[in-house]
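Summary of structural features
Residue-level listing of the chains:
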Amino acid sequence: MGRLIPTAKGLAWFRKGHPWIFRNDLAKIQDAAPGSIVSLEEKNGKFLAQGFYSEHSKIAFRLVSRSQERIHLNFWKERVERAFHYREAVVEKTNAYRLIYGESDGIPSLIVDRYADHFVLQTLSQATEDLLDLFTKILLELFRPSSILLRNDLSVRELEGLPQEKKIIMGECPSRVQVFEGTIQYLVDLWKGQKTGAYLDQRENRAAASRFLRGRVLDAFCYHGLFALHAARHAAQVTGVDSSQEAIEQARENALLNGLANTEFRKENVFSFLKAEAEAGRHYDGIILDPPAFAKSKENVGGASRGYKELNLRAIRLLNPGGILVTSSCSYNLSESRFLEILRECERDLGATLKIIEKRGQSADHPILLSFPESHYLKCLFLEKIH
Ligand code: SAH
């Protein structure tokens, strides 16, 4: 087995509990094969942990176990079973959820999303890439899936020296899979949809938001219309806006599937749409803002903050008194406190008063590791415009 020895800084970082060690923080790399399990040791040879070694990535080590146990098929099978038992406890009223969320389930750099009996996998490091056959075997044994699709069309794989690809690993994956979320049915395209087909991380927020949304509601950045459809159960009229034609068509199909005639979906840029609505003097009783990550790196947090501010400012302006704002940021690089600060700036600029109804995050099937801030990326705030 290969050995890694961290520098003093790397060791201090690891002792704080973070599950990664960066290449710069390694003093010695000995016989470590790309994608293999290596042992992390102190200078004097004292064992610290076992983990995945990546040859190309800045993230050289990913923690798998703090003991010297043998890591084989049964070890991984038990981790998958534990991940599943946790989902059985926290996932409710849906058959579409994240079964394995990498580090947070003790299986670094592996994502498994489940849409009814169809599974979608992403292997995000050399090690999980090499273990693909083993994880396929475990999933077959535990869940007897109808199909397993590999959605490795992610740019982060390039950091690992891995190609982008999509391929079916077993079974037949239909072009559309119908799943449900609460009382809403929806169709997912596992081959072509964004992420692995749907934004499962917002699932609980969609159900929770619908408790507060009434009257005229706007779902901005609606994708396949799921916030809109949940809201349409109680609201009078819901408009969904997205710049993707494919997303709008799918949202309309989902509305038909649920017989929700009080919805309309429009292909437009949200920024120009909000501007035009203000110019036309229109108002809303509820607005959902779920933009893509504006802050893709630490360097562009400034620009991203301006984007979030403009968006929220325009939305709050359109709200009637008593209106509800459901506003999200999925940028890991923008902290919750910075996001709240941006909303306070909007409040001050508009002379408005906002009440926090709920501070929320990603759904429980995307659990957060206590000492791995990267696992907590989604912020979702429910606010009421008092006046
Ligand atoms: N709310 C959705 C997920 C939204 S993801 C859900 O719960 O499922 C973000 C969406 O924003 C994507 O569908 C993308 O097509 C869209 N988008 C990105 N930039 C946009 C823009 N400037 N105007 C409108 N839509 C945009």
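In what follows, the structure referred to is the one given above.
Residues numbered from 1 in each chain as written. Predicted model: local features only at pLDDT ≥ 70, side-chain atom pairs only at ≥ 80, totals over all residues. Heavy atoms only, no water.

Some words on the pairing of strand β9 (residues 118-123)
- Along β9, six of the six residues are buried, which leaves the element largely enclosed by surrounding structure.
- Residues H118, V120 and Q122 line one face of β9 and the alternating positions F119, L121 and T123 line the opposite face, and both faces are buried.
- Inspection of the sheet shows strand β8 (residues 110-115) paired to β9 by six bridges, in the antiparallel sense. Within β9, the position partnered with I111 by the bridge is Q122.
- The turn linking β8 back onto β9 is made up of two residues, and A116 within it adopts a positive phi angle of 55°.
- Alignment of β9 against strand β10 (residues 147-152), held across four bridges, turns out to be parallel. Pairing of F119 across the sheet is with I148, part of β10. (Buried < 20%, exposed > 50% of the residue type's maximum accessible area, 1.4 Å probe, protein only. Helix = DSSP H or I, 4+ residues; strand = E, 2+ residues; numbered from the N terminus. Pairing = 2+ DSSP bridges.)

Looking at the site of the ligand
- Around the ligand sit 15 residues, and of these R206, D242, S243, V270 and D290 come closest.
- Separating a nitrogen atom of the ligand from a backbone N or O atom of F221 is a distance of 3.1 Å.
- Against a free-state accessible area of 590 Å², the protein chains account for coverage of 89% of the ligand.
- Counted by class, the shell around the ligand contains seven nonpolar, four polar and four charged residues. (Near = heavy atom within 4 Å. Polar contact = N/O pair within 3.5 Å; in protein donor to acceptor, adjacent residues only side chain to side chain. Areas by Shrake-Rupley, 256 points an atom, 1.4 Å probe, with all protein chains shown as cover. Nonpolar A, V, L, I, M, F, W, Y, C, P; charged D, E, K, R; others polar.)

Some remarks on the pattern of salt bridges
- By the definition in use, this model includes 29 salt bridges.
- Put simply, D25 and K9 hold a salt bridge, and the shortest N to O gap is 3.2 Å. Of this pair, D25 sits in the loop between β2 (20-22) and β3 (26-30) while K9 sits in helix α1 (residues 8-15), and the two are 16 residues apart along the sequence.
- Taking the relative accessible area as the measure of exposure, D25 reaches 7% and is therefore buried. (Salt bridge = Lys/Arg side-chain N within 4 Å of Asp/Glu carboxyl O.)

The values are spatial; any link to function lies outside them.
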